[in-house]
Amino acid sequence: MVYTSKDKVRVVVLTERFRMEGEMHVLAGSRLTDSLNSKAKDFIAITNVAVYSLNDGLLLYEPEYVAVNRESITAIFPLR
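Here the structure is a predicted model, which is why all the values come from computation and not from measurement.

(A) Local environment of a nonpolar patch on the surface. Together, Leu58, Leu60 and Tyr61 make up an exposed nonpolar region whose accessible area comes to about 320 Å². Mapping Leu60 onto the fold places it in strand β4 (residues 59-61).

(B) Region of interest: the side chain of Arg70. For Arg70, the location among the structural elements is in the loop between β5 (65-69) and β6 (75-78). Buried charge without a salt bridge: Arg70, with Asp42 as the nearest opposite-charge side chain at an N-O distance of 5.5 Å. The contact partners of Arg70, leaving out residues within four places of it in the chain, are Ser35, Leu36, Asn37, Ser38, Lys41, Asp42, Phe43 and Ile44.

(C) Layout of the nonpolar core. Formed by 15 residues in total, the largest nonpolar core has its most connected members in Val11, Val13, Met20, Met24, Ile46 and Val68. Counting only elements with at least two residues in this core, the list comes to β1 (6-14), β2 (18-27), α1 (32-37), β3 (43-53) and β5. The element contributing the most residues to this core is β3, with 4 residues. Setting aside residues up to four positions removed in sequence, Ile46 forms contacts with Val11, Val13, Gly22, Glu23, Met24, Glu64, Tyr65, Val66 and Val68.

(D) Layout of the pattern of salt bridges. With the rule as written, the count across this model stands at 2 salt bridges. When the shortest N-O distance is used, the salt bridge between Glu21 and Arg19 registers 2.3 Å.

(E) Structural context of the packing of aromatic side chains. On inspection of all chains with the given rule, the structure shows 0 aromatic pairs. The lysine or arginine in question, Arg19, covers the ring of Tyr52, its NZ or CZ lying 4.2 Å from the ring centre.

(F) Region of the structure containing the environment of Val51. Locating Val51 in the fold gives a position in strand β3. In this structure Val51 comes out as buried when scored by relative accessible area, which is 6%. Separated by 15 residues in sequence, Val51 and Val66 have C-alpha atoms that sit 9.4 Å apart.

(G) Main features of the layout of surface pockets. Approximately 330 Å³ is the volume found for the largest pocket. As for the largest pocket, its lining consists of 15 residues, of which Lys6, Met24, His25, Ser35 and Lys41 are closest to the centre. At the level of secondary structure, the elements contributing two or more residues to the lining of the largest pocket comprise β2, α1 and β3. A per-element tally of the lining of the largest pocket places β2 first, with 4 residues.

Criteria and cut-off values
Residues numbered from 1 in each chain as written. Predicted model: local features only at pLDDT ≥ 70, side-chain atom pairs only at ≥ 80, totals over all residues. Heavy atoms only, no water. Patch = residues over 30% accessible without salt bridge, like charges linked within 9 Å, V, L, I, M, F, W, Y side chains within 5 Å. Areas by Shrake-Rupley, 256 points an atom, 1.4 Å probe, with all protein chains shown as cover. Salt bridge = Lys/Arg side-chain N within 4 Å of Asp/Glu carboxyl O. Helix = DSSP H or I, 4+ residues; strand = E, 2+ residues; numbered from the N terminus. Buried < 20%, exposed > 50% of the residue type's maximum accessible area, 1.4 Å probe, protein only. Lys, Arg positive; Asp, Glu negative; His and termini not counted. Contact = heavy atoms within 4.5 Å. Core = buried A, V, L, I, M, F, W, Y, C linked by side-chain atoms within 4.5 Å. Phe/Tyr/Trp six-rings, centres within 6.5 Å; stacked < 30°, edge-to-face > 60°. Lys NZ or Arg CZ within 6 Å of the ring centre and 35° of its normal. 1 Å grid on protein atoms, 1.4 Å probe; cavity = no way out; pocket = protein on both sides within 12 Å on 5 of 7 lines; lining within 4 Å. Points joined across faces, edges and corners; volume = space filled by probe spheres on them.

Laid out in structure tokens, this is it:
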């Protein structure tokens with residue numbers, strides 16, 4: 001088994017209906033945009049997620065893992 005070192009980046013992901021806050025795992029030393037620009041995967045993995053309704057801000061779900069379709073993302077940015 002090959003293990004690749006990764007860094008956790010706290011992110012906010014916006015889609016047409018949801019705002020998600022969680023952790024995205026990127027290759028160690030790489031930028032968030034490097035992972036987003038990689039066309040190797042159609043889905044972005046987000047862990048320890050809080051999913052909110054974009055309309056009213058209500059917390060809807062708190063799953064440990066969400067796979068977000070890259071094409072459904074309207075905006076993504078890191079939290080500090």
